Amino acid sequence: MEIGILSKTISRPTLEEELDCIRAHGIRCVQFSLTSTSLSYMPDEIPPSVRDNVRQTLAAKGVIMSGISGTYNMAHPNPVVRQDGLRRLKVMIEACRDLGTSVITLCTGTRDPENMWRRHTDNDTTEAWRDLCQSVSQALPAAEEKKVILAFEPEVSNIIDSARKGRQLIDEMQSDNLKVVMDGANIFHRGELATMRQVLDQAFDLLGDDIVLAHAKDLDQDGEAGNRPAGKGLMDYDHYIELLRQLNYNGPLLLHGLKESEVAECVGFLQQKLVWKPASF
């Protein structure tokens, strides 16, 4: 394992400057956002010139694109919104490998029409599950054709709000191209912090073989917890990292949910936990 970061945690006028700042922290793995280019988050098209520039610039700076963010509300109550998100996701799938990665991260969504990270009382309905499954099943053929992994993140505010539901989704979809982003700070329902290790153990038991990326942030309460920088909350990082090690996970531990001013301290925290050396320049 080595330390990575979501690219737009550090924002600069150009991609080159942004990557220089990331490397200055000894980080060489990113979960990339297209907003680091001239494009929007999920654009209508990704021109060949942009694809080439992103891939070549990352290579020149010695940065690995471990995955690219492609989150939209896959369970939005409005089917028109869902179809527009699916269309844009297919644009990203088509361009993914040209950009330099084979992993796109997803959000399983919510019935809240305004905020895809906010829980809604209808999230547990059969209709919400049906719409999410339809969104995923419509995206998977394109991903399978392009040999791209779609990786969803269990998150208490979304339709997939537990490891158990994550397992159910994978089993129903029956595709090797559907995998998991594990964020240990995102899976605790109200009242579960007292059994943190047991909740983490269950999540890894159910989803461990399908984890392709791991996030590193923290939480300040259970339920719909506010994001905290890694090491600044209640997360049992020793146990979380040990579970990743037991899987022989060798991907990045990607920092997010923090400000640029907090990056150095969070890198130092993870260095201590991982007994990790900064990437050489």
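Above: the structure in question.
Residues numbered from 1 in each chain as written. Predicted model: local features only at pLDDT ≥ 70, side-chain atom pairs only at ≥ 80, totals over all residues. Heavy atoms only, no water.

Caption draft 1: Looking closely at the side chain of K217. Following the sequence through the fold, K217 ends up in the loop between β7 (211-216) and β8 (218-219). For K217, a relative accessible area of 3% gives the class buried. A polar side-chain atom of K217 sits 2.8 Å from a polar atom in the side chain of N186. In this structure K217 touches E153, D183, A185, N186, N227, R228, A230, Y237 and H256, once residues within four positions along its chain are discounted. (Helix = DSSP H or I, 4+ residues; strand = E, 2+ residues; numbered from the N terminus. Buried < 20%, exposed > 50% of the residue type's maximum accessible area, 1.4 Å probe, protein only. Polar contact = N/O pair within 3.5 Å; in protein donor to acceptor, adjacent residues only side chain to side chain. Contact = heavy atoms within 4.5 Å.)

Caption draft 2: Region of the structure containing the environment of P48. Inspection of the secondary structure assignment puts P48 in helix α2 (residues 48-61). A sequence separation of 50 residues divides P48 from D98, and the C-alpha atoms of the two residues are 8.2 Å apart.

Caption draft 3: Focus on the sheet that holds strand β10 (residues 252-255). With respect to topology, eight strands assemble into a closed barrel ordered β1-β2-β3-β4-β5-β6-β7-β10, the strand pairing being parallel. Direction aside, the axes of adjacent strands within the sheet are offset by 30° on average. With four bridges connecting them, strand β4 (residues 103-106) and strand β5 (residues 149-152) associate as parallel partners. Bridged to I104 within β5 is L150. (Pairing = 2+ DSSP bridges. Axes fitted to C-alpha atoms, helices over the stretch in contact; angles between N-to-C directions.)

Caption draft 4: Region of interest: the state of the cysteines. Taken as a whole, this structure holds zero disulfides when the rule is applied. For C107, which is in no disulfide, the shortest distance to another cysteine sulfur is to C133 and amounts to 14 Å. The class for C107 is buried, based on a relative accessible area of 1%. Of the residues examined, C133 reaches a relative accessible area of 9% and is grouped as buried. (Disulfide = S-S within 2.5 Å.)

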